[in-house]
Amino acid sequence: MAFINSYAARHPLRGIVINLLLIFALALLVYGLQAPILTLEKFYVFSNTVSLLSALQTLAGEAEWGLFLLVGTFSVAFPVLKILLLALIWNFDVSQGVAHQRRLEWLARYSKWSMLDVFVVALLVVSVKLGALVEARVEAGIYAFAASVVLTMLLSAWIGAHAADLPPRPVRQSTNGG
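Just so you know, these numbers come straight off a predicted model, no measurement behind them.

A. Expanded view of the packing of aromatic side chains. Following the criterion strictly, the structure yields three aromatic pairs and no others. Look at Trp65 and Phe68: their rings are 5.7 Å apart centre to centre, the planes differ by 85 degrees, and that puts the pair in the edge-to-face class. Here the residue Trp65 and the residue Phe68 both occupy positions in helix α4 (residues 65-91), the gap between them amounting to three residues, near one helical turn. Its relative accessible area of 48% is what places Trp65 among the partly exposed residues.

B. A look at the pattern of salt bridges. Counted under the stated rule, the structure contains two salt bridges. A salt bridge links Arg137 to Glu41, with the shortest nitrogen-to-oxygen separation between them at 2.7 Å. In this pair, Arg137 is assigned in strand β3 (residues 134-138) and Glu41 in strand β1 (residues 36-42), connecting sequence segments 96 residues apart. Judged by its relative accessible area of 40%, Arg137 is partly exposed. Since its relative accessible area comes to 24%, Glu41 is described here as partly exposed. Measuring nitrogen to oxygen at the nearest pair gives 3.7 Å for the salt bridge that ties Arg137 to Glu139. Owing to a relative accessible area of 22%, Glu139 belongs among the partly exposed residues under this scheme.

C. A look at helix α3 (residues 52-61). Buried within α3 we find Leu52, Ala55, Leu56 and Leu59. Within α3, the buried residues cover an arc of 100 degrees as seen down the axis, which keeps them to one side. Structural note: α3 exposes Gln57 and Gly61 on the side pointing more than 90 degrees away from its buried face. Note on α3: the residue one or two positions beyond its end, Ala63, has a positive phi of about 55 degrees.

D. Structural detail: the sheet that holds β1. Strand order in the open sheet made by the three strands is β2-β1-β3, with antiparallel pairing throughout. The two strands at the open ends of the sheet, each matched to only one other strand, are β2 (46-51) and β3. In this sheet, adjacent strand axes meet at a mean angle of 20 degrees when their direction is disregarded. Across six bridges, the pairing between β1 and β2 is antiparallel. What sits directly across from Glu41, in β2, is Ser47. Sheet strands in contact with α3 are β1 and β2, and its direction is about 100 degrees off that of β2.

What counts, and at which threshold
- Residues numbered from 1 in each chain as written.
- Predicted model: local features only at pLDDT ≥ 70, side-chain atom pairs only at ≥ 80, totals over all residues.
- Heavy atoms only, no water.
- Phe/Tyr/Trp six-rings, centres within 6.5 Å; stacked < 30°, edge-to-face > 60°.
- Helix = DSSP H or I, 4+ residues; strand = E, 2+ residues; numbered from the N terminus.
- Buried < 20%, exposed > 50% of the residue type's maximum accessible area, 1.4 Å probe, protein only.
- Salt bridge = Lys/Arg side-chain N within 4 Å of Asp/Glu carboxyl O.
- Arc of directions from axis to C-beta.
- Pairing = 2+ DSSP bridges.
- Axes fitted to C-alpha atoms, helices over the stretch in contact; angles between N-to-C directions.
- Contact = heavy atoms within 4.5 Å.

Have a look at this one:
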């Protein structure tokens with residue numbers, strides 16, 4: 001893998017901007033995972049603030065493995081892998097052939113699942129708000145998490161669209177006469 005023939009190397013200013021946006025998306029994701037996403041108030045006396053990571057810890061502690069895997073996969077693992085994959089596609093040599101093509105196909109195939117993680121959190125908020133004795137207040141973490149997902153979706157679409165725009169790598173001519 002080489003940076004020399006990457007999308008970022010061929011377009012230096014765009015390369016810096018896209019890499020900064022990828023770092024920003026990752027920072028938003030990390031903040032969104034650990035910051036409170038909602039506060040639950042029961043009977044106007046008891047209060048509980050929940051983050052995505054604390055919700056995962058609770059699910060694991062209560063042996064709710066199906067929900068733990070669903071939320072963990074689509075809210076933690078998938079967004080992190082997608083950002084890392086976008087960084088690989090953007091920063092490494094496009095002439096890697098099969099490996100590069102496989103990354104682009106994975107990106108195209110799984111990009112449509114991007115909003116599923118936000119949908120899972122939204123379902124959680126809606127289900128809590130439907131309770132008569134419980135009030136849910138949305139916190140900053142959900143906005144950071146959603147912003148990370150939307151930014152990653154936009155970067156994914158942009159990088160995917162520009163992946164086909166690059167000309168093939170120039171072939172070096174042999175210097176010995178023949």
